[in-house]
Amino acid sequence: MATYMPEPYRIKMVEPLRVTTKEERDTAIRRSHFNLFGLKSDDVYIDMLTDSGTGAMSDRQWAAIMLGDESYAGSRSYYKLMDTCGDLFGWSYFQPVHQGRAAEKVLFPNLLKPGQISISNMHFDTTAGHVMLCGARPVNCVVAEALDPSSLYPFKGNTDNARLKELIDQYGRDKVGMIVITVTCNSAGGQPVSLANMKETAAIARQAGIPLVIDAARFAENAFFIKEREEGQADRTIREIVLDMFAEADAFTFSAKKDGIVNMGGLVAVRDDSELMAGVRRLVVPNEGFLSYGGLAGRDMEALAIGLVEGLDESFLRSYTGQTCYLVDRLVEEGIPCQQPAGGHAVFVDARQLLPQILYDLFPAQSLCIELYREAGIRGCDVGSFMLDPDPETGEQPQAAMEFARFCIPRRTYTQAHLDYVVASLAKVKERASSLGGYRIVRAEKILRHFTARLEPWSHTL
Ligand code: F0G
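First, a word on scope: everything that follows refers to the structure included in this document. What you see is a predicted model; the values in this text were computed from it and never measured.

## Things to note about the overall build of the protein
When you go through the protein residue by residue, the secondary structure sums to 15 helices and 14 strands. For 462 residues, the compact-globule estimate of 2.2 N^0.38 gives 23 Å, and the protein sits close to it at 21 Å. A principal-axis box enclosing the C-alpha atoms of the protein has dimensions of 60 × 55 × 45 Å. When each of the 462 residues of the protein is scored for burial, the buried share is 58%. Nonlocal contacts in the protein, meaning residues at least 24 apart in sequence, comprise 72% of its contacts between residues at least 6 apart. Put simply, the protein shows about 19,000 Å² of open surface, and 52% of that area lies on carbon and sulfur atoms. Across the protein, 49 positive and 60 negative side-chain charges occur, with their mean positions spaced 4 Å apart.

## Some remarks on the site of the ligand
Surrounding the ligand, one finds 17 residues, the nearest of these being Arg 101, Asp 215, Ser 255, Lys 258 and Arg 406. The separation between an oxygen atom of the ligand and a polar main-chain atom of Gly 100 is 2.8 Å. Within the side chain of Asn 186, one N or O atom sits 2.9 Å away from an oxygen atom of the ligand. Within the complex, 94% of the 470 Å² of free accessible area of the ligand lies under protein. With 3 residues, helix α4 (residues 100-107) is the single largest residue contributor to the shell around the ligand.

## A look at the packing of α4 against helix α10 (residues 275-287)
The relative placement of two packed helices is expressed as an angle between their axes plus a distance between the axes. Two numbers describe how α4 lies on α10: the axes approach to 8 Å, and their chain directions differ by 120°. It follows from the interaxial angle that α4 and α10 lie oblique. Handedness of the α4/α10 crossing: right-handed. Judged by residue contacts, Lys 105, Val 106 and Leu 107 of α4 engage Leu 276, Val 280, Leu 283, Val 284 and Asn 287 from α10. A per-class count over the contact of α4 with α10 returns 6 nonpolar, 1 polar and 1 charged.

## Side note on helix α12 (residues 314-333)
When the terminal C-alpha atoms of α12 are compared, their 28 Å separation across 20 residues agrees well with the 28 Å that a helix rising 1.5 Å per residue should span. Where α12 begins, one side-chain oxygen reaches toward the backbone nitrogen of Ser 315, 3.2 Å away; that side chain belongs to Asp 313. Directly beyond the C-terminal end of α12, a positive phi value near 80° is found at Gly 335.

## Examining the sheet that holds strand β12 (residues 404-408)
Strands sit in the order β9-β12-β11 across an open sheet of 3 strands; the sheet is antiparallel. If you trace the sheet from one side to the other, it starts and ends with β9 (346-350) and β11 (381-383), each paired once. On average, adjacent strands in this sheet sit at an angle of 35° to one another, irrespective of strand direction. Looking at chain direction, β11 and β12 are connected through 3 bridges and run antiparallel. When the sheet's bridge partners are listed, Asp 382 is paired in β12 with Ala 405. Relative to β12, helix α14 (residues 364-376) is tilted by about 45°, and along the sheet it contacts β9, β11 and β12.

## Let's talk about the pattern of salt bridges
Evaluated as defined, the whole model comprises 32 salt bridges. The residue Asp 59 makes a salt bridge to Lys 12 at a minimum N-O spacing of 3.1 Å. Separated by 47 residues along the polypeptide, Asp 59 in helix α2 (residues 59-65) and Lys 12 in the segment before α1 (22-31) bring together distant segments of the chain. Taking the relative accessible area as the measure of exposure, Asp 59 reaches 42% and is therefore partly exposed.

## A short note on the sheet that holds strand β2 (residues 93-97)
With mixed pairing, the 7 strands of this open sheet are ordered in space as β2-β8-β7-β6-β5-β3-β4. Each edge of the open sheet is held by one strand with a lone partner, namely β2 and β4 (137-140). With strand direction ignored, the average angle separating the axes of adjacent strands in the sheet is 20°. The pairing of strand β5 (residues 176-182) with strand β6 (residues 212-215) spans 4 bridges and is parallel. Across the sheet, Val 180 pairs through a bridge with Val 213, a residue of β6.

## Quick look at the packing of helix α8 (residues 219-229) against helix α9 (residues 238-245)
For the pair α8 and α9, interaxial distance at closest approach is 9 Å and the crossing angle is 110°. Judged by the angle between their axes, α8 and α9 are roughly perpendicular. Between α8 and α9, the contacting residues are Phe 219, Asn 222, Ala 223, Phe 224, Ile 226 and Lys 227 on the first element and Ile 238, Ile 241, Val 242 and Met 245 on the second.

## Quick notes on the packing of aromatic side chains
Considering all chains together, one arrives at 21 aromatic pairs under this definition. Among the aromatic side chains, those forming a connected cluster through ring pairs are Phe 89, Trp 91, Phe 94, Phe 219, Phe 246, Phe 252 and Phe 254. In this arrangement the basic side chain of Arg 412 is found over the ring face of Phe 316, its NZ or CZ atom lying 5.9 Å from the centre.

What counts and what doesn't
By convention here, each chain's residues receive numbers from 1 onward along its written sequence. In view of the model being predicted, local features appear only for residues whose pLDDT reaches at least 70, and side-chain atom pairs are presented and counted only at 80 or more, with totals across whole chains, interfaces and linings using the full set of residues. Values shown for side chains rest on all heavy atoms present in the structure; no hydrogens or waters enter the calculation. Secondary structure elements follow DSSP: runs of H or I no shorter than four residues count as helices, runs of E no shorter than two count as strands, and numbering proceeds from the N terminus. It is over C-alpha atoms that the radius of gyration is taken, and the globule rule equals 2.2 Å times the number of residues to the power 0.38. Only protein chains enter the accessibility calculation, which uses a 1.4 Å probe; a residue is then buried when its area is under 20% of its type maximum, exposed when over 50%, and partly exposed in between. In what follows, residue pairs with any heavy atoms lying within 4.5 Å of each other are defined as contacts. The Shrake-Rupley method, run with a 1.4 Å probe, gives the accessible areas here. Residue values count only the displayed protein chains as cover. For the purpose of counting charges, residues Lys and Arg are taken to be positive, whereas Asp and Glu are taken to be negative. His and the chain ends are not included. Charge positions come from single atoms, namely NZ of Lys, CZ of Arg, CG of Asp or CD of Glu. A molecule or strand has a residue near it when one of that residue's heavy atoms lies within 4 Å. Any pair of N or O atoms that falls within 3.5 Å is considered a polar contact. Within protein, one atom must be able to donate a hydrogen and the other to accept it, and sequence-neighbouring residues count only if both atoms are side-chain atoms. Lines fitted to the C-alpha atoms define the axes, with helices restricted to the stretch that makes contact. Angles between their N-to-C directions range from 0 to 180 degrees. Working definition: roughly parallel below 35 degrees, roughly antiparallel above 145 degrees, roughly perpendicular at 65 to 115 degrees, and oblique for all remaining angles. The crossing is said to be left-handed when, going from far helix to near helix, the turn is anticlockwise and less than a right angle, and right-handed when the turn is clockwise. Asp, Glu, Lys and Arg are counted as charged, while Ala, Val, Leu, Ile, Met, Phe, Trp, Tyr, Cys and Pro are counted as nonpolar; the rest, among them Gly, fall into the polar class. A helix is expected to span 1.5 Å for every residue after the first. Two strands pair under a simple rule: DSSP has to find at least two bridges between them. Each reported salt bridge corresponds to a side-chain nitrogen of Lys or Arg within 4 Å of a carboxyl oxygen of Asp or Glu. Aromatic rings from Phe, Tyr and Trp, with only the six-membered ring used for Trp, were paired whenever their centres fell within 6.5 Å, and each pair was classed as stacked if the ring planes differed by under 30 degrees, edge-to-face if by over 60, and tilted otherwise. Comment: the charge-over-ring label is applied if NZ (Lys) or CZ (Arg) is within 6 Å of the ring centre and within 35 degrees of the ring normal.

Now the structure itself:
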């Protein structure tokens, strides 16, 4: 029977949830134009839309909030955060920003010129968005195993380094502005990247003279998976592995809302006191605020300094990734196809396999999420074709490599009973899977459209 390590914490404060009726949910989803981002959170019972900024802070973090130094310049809380970062990552320059995409905004224009490309195992959607805002183009080259949800390959987030070399040759090194390793690889299912693979990518980047950036949003889970799954790593501490993961990159962006276990925050880091660092600083001041707070309150920096350490605790990581693993195992037992093995922060249900009658341009994963919300008030999101913006030149809808419905697990937030309810509800939706229809977009922005697009059922009624 599936099980996971009991949580290494207990509950001290609770947030009541509202249970809704089927009729209320049908009205709510229609009112939100069939976009799950349009729902009011009060109309959601279990919110698995994201693990970002939705985790529970510890008593120590809340206590530290009271110690926040809100000085505009030179805040004590800033120096505390800098000390913690230096200790964990072994680098010299860290800049607080308000969240991960702000890090992208102040770093990428220093690396990318119009007409260039950025190559990554897989760019997250905001990352791809910021690459495009620089006039550059994101190119993904994750290993082929990632595209086969039933393959049990342990490092499905790995970069296809042979392909990376081909791409550099094909475009020419001057055309490649940066190489990004996303850990864990969110869009491939929260899948980890091995240390060996990271080092190989770093060697290729160094040889070609191309800056290497780590998108570190879920670096702690990635380190845990390296310890668990990579040969020769079992006896090392998580902290040793983290130092090694960051040993060869030139810069990193970090959304602290995931593995930093805070509700808001981010970092951009540059290894050396270089021209790149000066460029980042020049963009931080007008966009995020003065250097010693970068869009964060002093209390936010206090909470982050503690959250970073708690997020690297091995027992916590075992229990947290255990929840994901438990959910995947239970779903697979019910015959619901998922990306396997379990990744870090979410389960990714293979909607293409579950709803083969819905073609990619009618968004099968979106349809699955809508149906699960109607069934049980559980909110997930599409990580498939709906998430991909149309080609800016042709206007054509790209087809995603995988049609995943993603159900995230916020950190330290839900219990096993909540997870069991998710399994039972998805099993009910599976019973009527063959009767589900697709959705078409009736209104959308050109970039990052999935947040606000309006949809309507296509050839079926609700
Ligand atoms: N990089 C990755 C890999 C991410 O998953 C995210 C956000 C970001 C960058 C941007 O960070 O939200 O702090 O600006 N991912 C969230 C998600 C939103 O739901 O997966 P942000």
